[in-house]
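# A look at the structure
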Amino acid sequence: MSLEHIRNFCIIAHIDHGKSTLADRLLEFTGAIPPREMRAQLMDQMDLERERGITIKAKAVRFFYKAKDGKKYEMNLIDTPGHVDFNYEVSRSLKACEGALLLIDASQGVEAQTLANAYLASDQNLAIIPVINKIDLPSADVERCKKQMEDSLAIDGSEAVLASAKEGIGIEEILEAVVKNVPPPTGVVDEPLKALIFDSMFDIYRGVMIFVRVINGSIKKGTKMKFMVTNKVFEVEEIGVFKPKMEKSDQLSAGEVGYIAANIKEVRDAKVGDTITDETNPTAEALPGFKDVLPMVFCGLYPVSTDDYAKLKEALSKLKLSDAALSYEPETSLALSFGFRCGFLGLLHMEIVQERLEREYDLNLIATAPSVIYKIKKTNGEELVIDNPSELPDPTLIDSIFEPYIDAKIIVPADYIGVVMTLCQEKRGIHKNTSFIDTTRAVISYELPLAEVVMDFFDKLKSATKGYASLDYEPMGYQEGHIVKVDILLNNEPVDALSFMVHRDKAENRGRGIAEKLKEIIPTQMFEVPIQAAIGGKVIARETVRARRKDVLAKCYGGDISRKRKLLDKQKEGKKRMKNIGSVEIPQEAFMAVLKVED
Amino acid sequence: MNAYLHIPFCTSICSYCDFTSFAGQENKISRYVDALCVEITSSDLKGPLQTIYFGGGTPSLLPPEKLQTILEALRQKAGFSFDIEISMEANPETVDEQRLRSYRALGVNRLSFGAQAFQTEILKKMGRGHDWTIVEKAFNDARLAGFTNINLDLMFGLAGQSLSQFQESVQKVQELNPEHISLYALQVEEGTPLAKQVEEGLELPDEDQVADEYAWAQKSLTTQGYEQYEVSNFSKPGFACRHNWNIWRGEDYWGFGLSAVGTVGDVRHGHGDDLMVYINQASQGRKGLLEKEVLSQSVRAWERIMLQFRTQEGVLESELESYVRSQGGSSYKERFNRFEKEGFISLSQGRYRVTSKGYFVLNGILETLMV
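Given the structure is predicted, the values throughout are model-derived calculations rather than measurements.

Counting its secondary structure elements, chain A contains 13 helices and 33 strands. The 599 residues of chain A split such that 49% are buried. Sequence-distant contacts in chain A: of pairs separated by 6 or more residues, those separated by 24 or more amount to 70%.

As structure tokens, this is what we get:
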């Protein structure tokens, strides 16, 4: 197919604005799938994604559309993840396109990720086609959406296609707009191969499958492809496209999008954003913009039963095959024994990984409080980077501690500006700017310490704004902060898994909050259990779990012995799910308590 | 050998009770006793019997001639030891001096009355059919009938009962000066009317009050010359219930009758709890009557430890060691040292014993021994 008749585009939207449904409709309308074979929201593959209504891994689907101009077009739809944790992946997916459908829910209007994604798309010079979706809903307010688009995105509202993906309204208009407004790809088939890896996935039969956009040249089975960042060379074994079923093809040429399998064992060999070239005829320069995705949030993951350590290790190594952003290394905790320090792109990523480990690998896990990466300057001038409170050097050796900040944009109805600002202020935020999208909604910009955000910021933001606020953020470097490590002592022994880093001003409150929470959670024991929060040797909060007063079976006679024995077994079994630390039985929730404490 | 016989008849069912018993079925007592005797006769019971215990239900609903039939069956089957203890549970409202004389004459030498509480309104709430004057009368009648070994049951942690009301109950019992007092903390058993009431919001005294009551009673009874020889049992010296003692020591015992359980060697046998099924099957001498559970060596060893720790006899340190070792167990020693330091247990002459303070948290002590 000549480049003239190829359109590479994606759909960008805030979560739940109907992206997956629209993708389904486009495939259905163009006959890529007969309607009755349609599995709802086909592009979301994993159950988990389906359940959460989010798309984790972008996929590319090819379909053909016969436009009103009588010509047949090859349409490559590239799906993008919609959550802030996957910002870099989104940007690479956008890089594979010439245009983007900017989907806006007619009743919700412009949201934080609408803005963030629209900015990303215009940074990449993509043609943006605004689509106002869900116009069939009674609460739809098309005019308001148009106004918001004009005010906050400088997009002409009159260009918006009105649609309801659910009802199949506006689908043809969208396709026509893509044909008309998205420019065809440019590229030269005769030049040396240059292709962008914009995504990858792991297939148990083929190994890592990479999704590519060919910029120049062409690639086919047998090509010795070289990844310019990792410097690895692989021979192409299979090449093809998803239509949406996987279909082999002979080659991919400049302007086209498809998948490649090359017996690649691990996703980290094929990094998103890397440039592929032909080893025998290499291109001079790699594509710009490659970034190594680095985890930003860390936590310890431990099996509840220490016997499951090997199982957890295997599960992590399997997950890692398909998730380049996940990092892990063995970690030992006095309290929780053997586990792993795991790194994630963000909170959602962390949640997804934990859930997959528990669900797909049948593991029962304890997660410690999430931490960020701190940079430490020691008095002797040495610099350290730590992601675990236990690695913090002795306070006397520390000159200063730097913590990561994010640039957060929160979109919220005007009524909630006050509560959001109060919340950000509590979270040590630095107010940058507040502007209005329209008369009813504002964009509030804050610089916030990431450590505060990973604690409970999302939950609080949601409850403070009755769910109306939307948030987007990007990292913005490090700033010095008065950070201290708070230890929690049970029965006078520090429980390493409960230690946390916190700003000095908040240490007392949080320490007290955690001590109180632990007092509620830890059941009474045979002995009194003192709970203390301490900075260094200084105790900043103290609580006591009372000793159990009466725990004995009143009767145990001849007829009862079997039953009473089983009763004791059951009571004991219940306690097996607790961790025994310093002769104190601690339920799993205790380790999460650190997260759920008000400042 | 020891024998337990279950008499599953009551005039009414108490709200907290989860033993197998039926109200308004007294017309079946005669057939039941016949079935029971067939079961005894066709069993493998080997004597001589050291103890016999009639539990229920309300064994004192048995007319003396029925009791005689049962005892005769036992005597013929197994023979009685010269110093046999024959215990019988009785509800105060079901007996008078004459009936008690008859029981005594038949060989019953230990009586156990369910007194439970002093306050009439509390007894009523529990579904008991007597008040304190009836308890006093039954007790005095028993004395007149010649009983010199009498137990009174009391309960604590009862709905609507204050600490001082409980104390009053204990004092009232002490005034009667029985040889033995059983003191049971109320336990809410699944499926009982009480469990339903609790679910519907009936409030019970909290852990603190229950513990205070237990502590107060321990102190009061021991100053009055009673020894606490088991978690819930106090007696004057020499008046511990031998039947229960023997079972707690791990001796064999036969269970006869509906829902009765026994343990002989490594087999625990039990009965179903359908009255008519029992009567029909037992009267035909059916072997299939018994439900059997084979106890592994480790279960038997554990049960012995679990039971002996409930009593003042305690457990041999060596027995404990070998049990824990056989389980591939961890060091219980460290915890036990702490328990000893805290005064929950004592170690003397190679035996661990739970102290009066330790009885409060016996489950926690036992758990440290479980792998």
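Additional details are given in the paragraphs that follow.
A few words now on the overall build of chain B. Looking only at helices and strands, chain B has 14 helices and 17 strands in total. Here chain B holds 371 residues, and the buried ones make up 43% of them. Within chain B, residue pairs in contact and separated by at least 24 positions form 73% of the contacts whose partners lie at least 6 positions apart.

The subject of this paragraph is the pairing of strand β22 (residues 383-386) of chain A. Residue and element names in this part refer to chain A. Relative to β22, strand β21 (residues 374-378) is paired through four bridges, and the arrangement is antiparallel. By the bridge assignment, Y374 is partnered in β22 with I386. Linking two consecutive strands that pair antiparallel, namely β21 and β22, is a turn of four residues; a positive phi of about 90° is found at G381 within it.

Per-residue confidence for chain A averages 87 on the pLDDT scale, and 93% of its residues sit at or above 70. The model gives residues 48-58 of chain A a pLDDT under 50, and that stretch makes 33 contacts with residues more than four places away or in other chains.

The parts lose accessible area when they come together, and the size of an interface is often stated as this lost area. In this assembly, 34 residues from chain B lie in contact with 21 residues from chain A. Broken down by secondary-structure element, the contributors of at least two residues to the side of chain B that touches chain A are β8 (180-185), α8 (207-223), α9 (242-248), β11 (253-256), α11 (297-308) and α14 (362-367) of chain B. Class assignment for the residues of the side of chain B that touches chain A results in 19 nonpolar, seven polar and eight charged.

Take the packing of α11(B) against helix α12 (residues 317-326) of chain B next. Residue and element names in this part refer to chain B. At a minimum axis separation of 11 Å, α11 and α12 run at an interaxial angle of 140°. Our classification of the angle between α11 and α12 gives oblique. In the crossing of α11 with α12, the sense of the turn from one axis to the other is left-handed. Counting all contacts with α11, which are made through S298, A301, W302 and I305, the residues of α12 involved are L320, Y323 and S326. Each residue belonging to the contact of α11 with α12 can be placed in one class, and the counts come to five nonpolar, two polar and no charged.

Right, let's talk about the sheet that holds strand β16 (residues 275-278) of chain A for a bit. Residues and elements named next belong to chain A. Strand order in the open sheet made by the eight strands is β11-β10-β16-β7-β8-β15-β12-β13, with antiparallel pairing throughout. Of all the strands in the sheet, the pair left with one neighbour each is β11 (233-235) and β13 (246-248). The average undirected angle you get between the axes of adjacent strands in this sheet is 40°. Examined bridge by bridge, strand β12 (residues 238-242) and β13 share three bridges and lie antiparallel to one another. Along β13, the bridge assignment pairs V241 with E247.

Further remarks concern the pairing of strand β17 (residues 351-354) of chain B. All names here are of chain B. Along β17, the buried face is formed by Y352 and V354; none of R351 and R353, which line the opposite face, is buried. Here strand β15 (residues 315-316) runs beside β17; their pairing, made up of two bridges, is antiparallel. Bridged to L316 within β17 is R351. Taken together, the four bridges between strand β16 (residues 345-348) and β17 define a ladder with antiparallel strand orientation.

Here the focus is the packing of helix α2 (residues 64-78) of chain B against helix α3 (residues 97-106) of chain B. Residues and elements named next belong to chain B. Running from amino to carboxyl end, α2 crosses α3 at an angle of 15°, the nearest separation of the two axes being 10 Å. Taken together, the axes of α2 and α3 lie roughly parallel to each other. Considering how the two elements wind past one another, α2 and α3 form a crossing that is right-handed. For the pair α2 and α3, contact is made by P64, L67, Q68 and L71 and by R99, S102, Y103 and L106, respectively. Partitioning the contact of α2 with α3 into residue classes produces five nonpolar, two polar and one charged.

Here we come to helix α1 (residues 29-42) of chain B. Residue and element names in this part refer to chain B. Here α1 is 14 residues long and its end C-alpha atoms lie 20 Å apart, about the 20 Å a rise of 1.5 Å per residue gives. Among all positions of α1, only Y32, V33, A35, L36, C37, E39 and I40 are buried. Those residues of α1 hidden inside the fold are in contact with β1 (2-7), α2, β11 and α10 (275-283).

Turning to the sheet that holds strand β3 (residues 72-78) of chain A, a few remarks are in order. All names here are of chain A. Strand order across the open sheet formed by six strands is β2-β3-β1-β4-β5-β6, with mixed pairing between neighbours. The sheet terminates laterally at β2 (60-66) and β6 (161-162), the two strands that pair on one side only. Judged from the five bridges that link them, strand β1 (residues 6-13) and β3 form a sheet pairing that is parallel. When the bridges of β3 are listed, I6 appears paired with E74. Across the sheet, helix α6 (residues 171-181) lies against β1, β2, β3, β4 (99-105), β5 (127-133) and β6, angled at about 170° from β5, the strand it touches most.

Turning our attention to the nonpolar core. Most often, soluble globular proteins keep nonpolar side chains buried together rather than apart. In terms of nonpolar packing, the biggest core is built from 172 residues, with A:A100, A:L102, A:V131, A:V212 and A:I410 touching the most fellow members. Ignoring sequence-local partners within four residues, the contact set of A:L102 consists of A:I12, A:A118, A:I128, A:I129, A:P130 and A:V131. Core analysis: the second largest hydrophobic core is formed by 98 residues, B:A90, B:V231, B:L289 and B:I305 among them.

Next up on the list: unusual backbone geometry. Between B:G47 and B:P48 the backbone carries a cis peptide bond, its omega angle lying at -5°. By secondary structure assignment, the location of B:P48 is in the loop between α1 and β4 (49-56). Residue B:G57 is reached from B:G56 by a cis peptide bond, and omega for that bond is 15°. The residue B:G57 is located in the loop between β4 and α2 in this model. Residue A:N125 is not a glycine yet carries a positive backbone phi of 60°. Mapping A:N125 onto the fold places it in the loop between α4 (112-123) and β5. Given 10 C-beta atoms within 10 Å, A:N125 falls into the exposed group.

Residue and element names in this part refer to chain B. Between its first and last C-alpha, helix α5 (residues 132-144) extends 18 Å over 13 residues, near the 18 Å set by a 1.5 Å rise per residue. On its buried face, α5 sits against α3, β6 (110-116), β7 (150-156) and α6 (163-176). Positive backbone phi, at 105°, marks G146, one or two positions downstream of α5.

Now for the environment of B:A145. Positionally, B:A145 belongs in the loop between α5 and β7. Contacts of B:A145, omitting those with residues within four sequence positions, involve B:E97, B:L100, B:R101 and B:R104.

Let us look at the environment of A:P370. Residues and elements named next belong to chain A. Relative to the helices and strands, P370 is located in the loop between β20 (365-367) and β21. P370 sits in the buried class, given 24 other C-beta atoms within 10 Å. As a C-alpha pair, P370 and C299 span 71 residues in sequence and 4.6 Å in three-dimensional space. Setting aside residues up to four positions removed in sequence, P370 forms contacts with V297, F298, C299, M350 and V454.

Definitions and cut-offs
- Residues numbered from 1 in each chain as written.
- Chains lettered and ligands numbered in written order.
- Predicted model: local features only at pLDDT ≥ 70, side-chain atom pairs only at ≥ 80, totals over all residues.
- Helix = DSSP H or I, 4+ residues; strand = E, 2+ residues; numbered from the N terminus.
- Buried ≥ 20, exposed ≤ 12 C-beta atoms within 10 Å, placed from the backbone.
- Contact = placed C-beta atoms within 7 Å.
- Pairing = 2+ DSSP bridges.
- pLDDT = per-residue confidence, 0-100.
- Nonpolar A, V, L, I, M, F, W, Y, C, P; charged D, E, K, R; others polar.
- Axes fitted to C-alpha atoms, helices over the stretch in contact; angles between N-to-C directions.
- Parallel < 35°, antiparallel > 145°, perpendicular 65-115°, else oblique.
- Left-handed = near helix turned anticlockwise from the far one by under 90°.
- Expected span 1.5 Å × (residues − 1).
- Core = buried A, V, L, I, M, F, W, Y, C linked by C-beta atoms within 7 Å.

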